[in-house]
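# Tertiary structure, described
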Amino acid sequence: MDMCTAEATASLLQVEETFSACLARIDALILKPLLQAEPTDQKGKENLKLFLLLNDRFQALWNLTEENYRILKQKCSTSESFCIQDIYTAWKGDLFLNLYIQYFVTFTNYVVVHGFEHAAKSKSEAWKHHKTVLKQFLTDFTSETSMSMALYTVLHKPIRDHIMQYILLLTKLNEVLKEGSEKDVVTSAIKEYMKLESFVSQVLDEACFTKSLWKSLGYKFTDMLCVPERRLLEDSKNLPISASTNRSDRILLFDDVLVLIQGNSFQSFDLKLVWVDENCRKKSAPGLYGLRIVTPEETFFLSAKDPQMKAVWQWKLNQAVRQALNGKRDFPLWGKTGEGTEPPSCRFFTYVFKLEGKFKSASYEGEWHWGKPHGKGTLKWRDGRNHVGDFKEGLEHGFGICLVPRRSEDRYDCYKCHWYKGKMRGYGICEYGNDTVYKGYFKDDMRQGFGILENCSAEHPFKYTGQWENDKKNGYGVWEDKDRGERYIGTWLDDHKHGQGIVVTQSGVCYQRTFHADKMVGSGILLLEDDYIYEGNFTEDLTFVGKGKLSFANGFILEGTFTNKSGQGLQTHGILNTSNEQLDDRITKAQLGLEDFPVEKRWKGIYDQFLEFIHSGCKEETEESFMGFHIQTSKELRKSQEYLFCQRGTEDVSWKIEEILEEVVQHQGLESLPSYLEKALKSSLHPLGKLLKALTIAFQATYSGIGANKHLLTMAQEEIKYYAKKIWQFYQGLLRLALEQKGQLPEKHVEEDISDQKACSMVLPLILPCFYPELFMLYMLYHEREDDLYCQGIMDLSLFPDIKLLEFLDVQKHLWPLKDLTLTTNQRRSLIKDKCFLSATECLQKLITTVDPREKLVILQKTYKEIESTVSRVVEKDYKLPMDDLLPLLMYVVSRAKIQHLGAEIHLIRDLMDPTNQGGLYDFLLTALESCYEHIQRMRLHQRENCHVTHSS
């Protein structure tokens with residue numbers, strides 16, 4: 001082994017010594033004189049730059065040869081034993097290969113631009129001085145008489161011959177090596193050097209082929225197309241093929257572009273954005289075999305006369321495209337080492353659109369598929385517009401962010417939206433340059449469906465929540481003017497208040513009128529804060545004019561004609577009716593909007609999106625487009641597109657549509673359905689949770705803040721019940737879809753009243769917490785007068801000690817929990833003050849800790865049980881309280897529990913309780929609690945009347 005390696009090393013040492021001497025002569029006689037030339041024309045200066053680079057590559061090759069020679073010489077003189085690591089040509093073959101490749105690539109670049117022809121004409125004195133010696137030197141390598149051809153030969157032939165010597169030496173060494181790792185290293189090195197030899201041969205052929213083309217083409221084409229690095233791969237003059245009829249006279253395939261020449265003009269197509277389709281059926285003429293060429297803005301056909309010619313062009317085109325995409329040529333250029341004959345159909349590239357159309361002059365950087373933007377990408381126009389997002393088949397499709405500059409200001413409108421076939425469609429957020437933000441749905445680039453438009457600027461703050469059509473406010477919507485402290489709830493037409501509308505003011509005044517193009521027309525109803533109602537005509541500043549009727553809270557009615565003259569105040573001519581002198585709930589608690597705004601017509605835009613999502617088959621890629629309204633900030637919108645869903649909280653479950661539909665089927669049974677619905681509605685990732693979020697936003701926009709007006713209570717109450725009904729319907733829609741996808745038949749259609757009952761009993765308690773703060777505020781305002789009387793009564797009763805209170809309420813003495821005490825009356829009173837029925841009192845106080853009417857009724861039942869249990873201990877037997885005994889005891893517990901807003905609590909329970917509980921125990925107990933509440937009010941009212949009578953006396 002050592003002997004074989006030693007012989008190879010000695011042979012290699014001799015070869016390297018000879019080659020180094022040859023390179024030294026080339027450097028001295030050719031390179032140095034040529035480097036001293038000082039070209040005057042532009043072409044000469046460009047060629048000199050290339051020659052300088054060629055010289056650098058030459059010097060690097062020479063330095064490597066010298067270094068290898070020194071190492072080999074040192075090994076031969078000092079080492080007693082040799083191994084394969086001593087032969088750097090094999091052991092570090094990559095280093096040698098890279099330098100040789102770099103040299104020949106630079107060399108052929110110089111050849112292509114006719115560099116040696118220009119060099120042969122050099123007028124350098126040094127060059128003239130060496131010319132005789134040079135000619136003698138060149139005869140050793142070539143018999144060429146042409147100086148340019150001789151230079152070409154001498155600068156590549158010795159180096160190419162040296163590569164062959166490497167192959168011969170390594171082959172001899174490989175023949176004597178035994179099987180093993182060292183033989184494998186040498187075998188691999190031989191293959192690489194043989195590839196290098198093939199590569200050199202191919203690049204030289206390509207360079208000469210390309211050089212001949214530039215020589216044959218006119219100056220116009222050469223000046224525009226000739227680039228040192230560009231190589232001609234095929235020419236339709238050599239391998240005939242024609243483009244679509246009358247499209248070109250000649251077709252040139254380069255390693256970076258495809259060129260079609262027609263007369264004195266040409267078209268070039270970057271190969272990175274060229275797709276070749278062999279399966280096109282179109283033929284330019286009978287008997288021709290076609291290839292379809294697809295580019296970003298044009299598609300054309302190449303036709304060959306026979307299938308073999310078509311196959312060659314197809315192979316060369318595909319190879320050229322693939323290598324252009326890789327950014328490097330294969331090694332060797334046309335071998336079997338490529339990464340496959342077919343280039344990928346999906347690519348990433350930058351392109352500037354030139355032809356007329358939507359994208360004219362725009363630069364697109366991103367993913368492509370068969371000549372069209374497809375996938376993620378960025379579009380930039382010269383006017384400052386840009387679009388970043390998803391594309392499909394050449395159009396914006398999916399989520400995208402679009403910036404549009406405002407002409408008159410140095411600001412942008414920013415659209416963060418879903419797109420469909422090039423137009424905005426689905427949910428999005430638009431941040432306009434004038435500090436206005438729109439959050440809602442789009443269709444065909446216009447605001448359409450449900451949306452919120454808000455301006456938070458200090459100058460004109462406003463907020464609109466409602467329906468849009470054709471980019472304008474149309475249908476039912478809520479407008480809040482924060483400057484005026486007003487909220488309009490009603491219908492719109494083309495951005496104007498139009499039709500029936502309710503206006504609520506910050507002062508508590510509200511009115512309902514008919515509007516026409518923002519102007520009030522006809523008569524209306526005006527509800528004043530002191531519980532007066534005016535029915536008739538009035539101005540925008542709420543001044544009565546014309547015929548009208550004013551109803552007072554005490555029942556008096558003033559009916560006549562009202563005028564308001566400057567400086568004279570309000571005047572009336574009419575009749576005052578005082579026959580009904582009592583509070584009238586029809587006046588003090590009048591409700592607005594019930595007939596004019598049917599609940600099923602409110603927020604139709606929200607329901608339509610969810611219904612469309614279900615009808616489309618609940619496709620996951622469209623989920624955010626249909627149901628994005630749970631997203632309310634730009635940050636959340638971006639996160640949702642990165643699948644980092646907003647408002648995740650403690651949710652660990654990734655709600656995918658397939659999993660959702662599977663779980664809907666699994667939990668359709670009555671036992672697991674309530675817990676499943678609760679989990680779904682709490683999740684911002686589940687479709688039902690997203691629907692609830694959107695409805696919560698709409699509800700708060702109507703009834704929170706300024707909208708907290710008692711005259712809107714019934715409107716709000718029926719709206720929540722309708723929410724429950726719609727959520728139940730959407731749940732059934734999801735279930736039907738899930739069963740159909742499994743090939744199962746859904747149950748027969750459920751009767752509407754049964755469906756409503758299920759929605760009320762199962763869904764309503766689950767969604768109520770989302771609306772409770774606003775709803776309970778309305779109940780408190782509605783029952784404010786009764787609750788005030790009740791609270792004063794409670795304060796009066798709290799002054800009584802326990803025994804006095806029991807006596808006052810006519811609780812039978814045998815039911816008092818005092819039998820176990822043998823103390824004096826005074827001791828007994830002080831010891832047990834406020835301790836009677838303590839457990840029942842504490843239980844009833846829990847009524848305010850929950851929002852669920854079901855749980856409130858359970859608390860009431862437990863309170864009843866506690867009272868009954870305490871009485872049973874007193875009488876020392878099980879005791880069922882009759883109504884006559886229950887009411888005084890319950891009133892005692894109510895007076896000690898001191899629950900604020902008990903009237904609001906009772907009526908909320910009564911209005912929203914499960915209909916199946918009506919007529920049962922819960923209904924009975926709630927009626928008993930109502931009786932206590934009303935009795936405490938009457939007690940206070942009687943006290944107030946007695947005081948009034950005494951004071952009058």
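As the structure is a prediction and not an experimental result, all values here were calculated from the model. (Residues numbered from 1 in each chain as written. Predicted model: local features only at pLDDT ≥ 70, side-chain atom pairs only at ≥ 80, totals over all residues. Heavy atoms only, no water.)

## Describing the overall build of the protein
Secondary structure assignment for the protein yields 28 helices and 27 strands. Scored against the burial criterion, the 953 residues of the protein give a buried share of 50%. At a minimum sequence separation of 6, the contacts of the protein that also span at least 24 residues come to 53%. Accessible surface for the protein amounts to roughly 46,800 Å². Of this, 51% is attributable to carbon and sulfur atoms. (Helix = DSSP H or I, 4+ residues; strand = E, 2+ residues; numbered from the N terminus. Buried < 20%, exposed > 50% of the residue type's maximum accessible area, 1.4 Å probe, protein only. Contact = heavy atoms within 4.5 Å. Areas by Shrake-Rupley, 256 points an atom, 1.4 Å probe, with all protein chains shown as cover.)

## Side note on the sheet that holds strand β5 (residues 265-270)
Strands pair in a sheet through their backbones, by hydrogen bonds, and they do so in one of two ways: parallel or antiparallel. Ordered by their spatial adjacency, four strands build an open sheet running β1-β3-β4-β5, and the pairing between neighbours is antiparallel. Of all strands in the sheet, those with a lone pairing partner are β1 (232-235) and β5, marking the two edges. The average angle at which neighbouring strand axes cross in this sheet is 20°, direction not considered. Two strands pair when backbone bridges link them, and strand β4 (residues 257-262) and β5 are joined in this way by six bridges, in the antiparallel orientation. (Pairing = 2+ DSSP bridges. Axes fitted to C-alpha atoms, helices over the stretch in contact; angles between N-to-C directions.)

## Let's talk about empty space enclosed by the protein
One pass over the full model with this rule turns up three cavities of 30 Å³ or more. Here the largest cavity is characterised by a volume of approximately 60 Å³. Lining the largest cavity are A8, L12, I87, T89, Y166, L169, L170 and L173. Of all the elements, helix α8 (residues 157-176) adds the most residues to the lining of the largest cavity, at four residues. Here the residues of the lining of the largest cavity are counted per class, giving seven nonpolar, one polar and no charged. (1 Å grid on protein atoms, 1.4 Å probe; cavity = no way out; pocket = protein on both sides within 12 Å on 5 of 7 lines; lining within 4 Å. Points joined across faces, edges and corners; volume = space filled by probe spheres on them. Nonpolar A, V, L, I, M, F, W, Y, C, P; charged D, E, K, R; others polar.)

## Remarks on the packing of helix α4 (residues 93-112) against α8
Running from amino to carboxyl end, α4 crosses α8 at an angle of 155°, the nearest separation of the two axes being 12 Å. Classified by the interaxial angle, the pair formed by α4 and α8 is roughly antiparallel. Where α4 crosses over α8, the two elements pack in a sense that is left-handed. Contacts from F96, Y100, Y103 and F104 of α4 reach α8 at I159, R160, H162, I163 and Y166. (Parallel < 35°, antiparallel > 145°, perpendicular 65-115°, else oblique. Left-handed = near helix turned anticlockwise from the far one by under 90°.)

## Side note on the packing of helix α16 (residues 657-666) against helix α19 (residues 713-741)
At a closest axis distance of 9 Å, the pairing of α16 and α19 adopts a crossing angle of 100°. By the angle between their axes, α16 is roughly perpendicular relative to α19. Listed contacts from α19 to L661, V664 and V665 of α16 are Y731, L734, L735, L737, A738, L739 and Q741. Across the contact of α16 with α19, the residue classes break down as nine nonpolar, one polar and no charged.

## Focus on α4
Relative to the 28 Å expected for 20 residues at 1.5 Å per residue, α4 spans 29 Å between its end C-alpha atoms, a close match to the ideal helical length. With 14 of 20 residues buried, α4 is to be regarded as a mostly interior element. Of the residues one or two after α4, H114 is the one with positive phi, at around 60°. (Expected span 1.5 Å × (residues − 1).)

## Focus: the side chain of N917
Topologically, N917 is positioned in the loop between α27 (902-912) and α28 (921-952). Here N917 is in contact with L857, Y922 and D923, once residues within four sequence places are set aside.

## Details of the sheet that holds strand β6 (residues 275-277)
Ordered by their spatial adjacency, four strands build an open sheet running β2-β8-β7-β6, and the pairing between neighbours is antiparallel. Both edges of this open sheet fall to β2 (242-243) and β6, since each of them pairs with a single strand only. As paired elements, β6 and strand β7 (residues 289-294) share three bridges and run antiparallel to each other. Note that in β7 the partner of W275 across the bridge is V294. Running at roughly 20° to β7, helix α11 (residues 307-326) makes contact with β6, β7 and β8 (299-304) of the sheet.

## Examining the pattern of salt bridges
Taken as a whole and judged by the stated rule, the model has 39 salt bridges. Put simply, E535 and K549 hold a salt bridge, and the shortest N to O gap is 3.9 Å. Here K549 lies in strand β25 (residues 544-551) and E535 lies in strand β24 (residues 533-538), a separation of 14 residues in the sequence. Taking relative accessible area as the criterion, E535 reaches 34% and is therefore assigned partly exposed. Linked by salt bridges that have partners in common, E206, D255 and R329 make up one network. (Salt bridge = Lys/Arg side-chain N within 4 Å of Asp/Glu carboxyl O.)

## A look at the pairing of β25
Bridge count between β24 and β25: six bridges; the pairing is antiparallel. Opposite Y534, over in β25, you have L550 as the bridge partner. The turn joining β24 and β25, which pair antiparallel and follow one another in sequence, is formed by five residues; a positive phi near 65° is taken by L542. What sits between β25 and strand β26 (residues 557-565) in their antiparallel hairpin is a turn of five residues, with G555 showing a positive phi close to 105°.

## Section: the packing of aromatic side chains
Evaluation of the coordinates by the stated rule reveals 54 aromatic pairs. Ring centres of Y364 and W368 lie 5.1 Å apart, and the angle between their planes is 85°; on these two criteria the pair is classed as edge-to-face. Overall, the relative accessible area of 0% leaves Y364 in the buried class. A relative accessible area of 0% means that W368 is categorised as buried. If you follow R385 out to its NZ or CZ, it ends over the ring of W381, 4.3 Å from the centre. (Phe/Tyr/Trp six-rings, centres within 6.5 Å; stacked < 30°, edge-to-face > 60°. Lys NZ or Arg CZ within 6 Å of the ring centre and 35° of its normal.)

## Here we look at the pairing of strand β14 (residues 412-420)
Within β14, seven of the nine residues are buried, which leaves it mostly tucked inside the rest of the structure. Two successive antiparallel strands, strand β13 (residues 395-405) and β14, enclose a turn made up of six residues. In the sheet, β14 pairs with strand β15 (residues 423-431) via six bridges, with the strands oriented antiparallel. Within β15, the position partnered with C414 by the bridge is E431. Linking two consecutive strands that pair antiparallel, namely β14 and β15, is a turn of two residues; a positive phi of about 50° is found at K421 within it.

## Points about helix α26 (residues 883-897)
Relative to the 21 Å expected for 15 residues at 1.5 Å per residue, α26 spans 20 Å between its end C-alpha atoms, a close match to the ideal helical length. For α26, every residue scored as buried is listed here: D885, L886, P888, L889, L890, M891, Y892, V893, V894, S895, R896 and A897. Within two residues after α26, K898 carries a phi angle of roughly 50°, on the positive side.

## Re a nonpolar patch on the surface
Together, M883, L921 and F924 make up an exposed nonpolar region whose accessible area comes to about 230 Å². With respect to the helices, strands and loops of the structure, F924 is situated in helix α28. (Patch = residues over 30% accessible without salt bridge, like charges linked within 9 Å, V, L, I, M, F, W, Y side chains within 5 Å.)

## Quick look at the environment of Q14
On the secondary structure map, Q14 appears in helix α1 (residues 2-35). Separated by 58 residues in sequence, Q14 and L72 place their C-alpha atoms 9.7 Å apart.

## Observations regarding the side chain of T465
When you line up the elements, T465 lands in strand β18 (residues 462-469). Assessed through its relative accessible area of 1%, T465 is described here as buried. With residues near it in sequence (within four places) discarded, T465 still touches F450, G451, I452, G477, V478, W603, A698 and A701.

## Structural notes on the confidence of the model for the protein
In the predicted model, the protein carries a mean pLDDT of 84, and the fraction of residues at 70 or more is 85%. Considering only residues more than four positions removed or in separate chains, one finds that residues 827-834, a stretch of pLDDT under 50, has 15 contacts. A low-confidence stretch, residues 947-953 (pLDDT under 50), is modelled with zero contacts involving residues beyond four sequence positions or located in other chains. (pLDDT = per-residue confidence, 0-100.)

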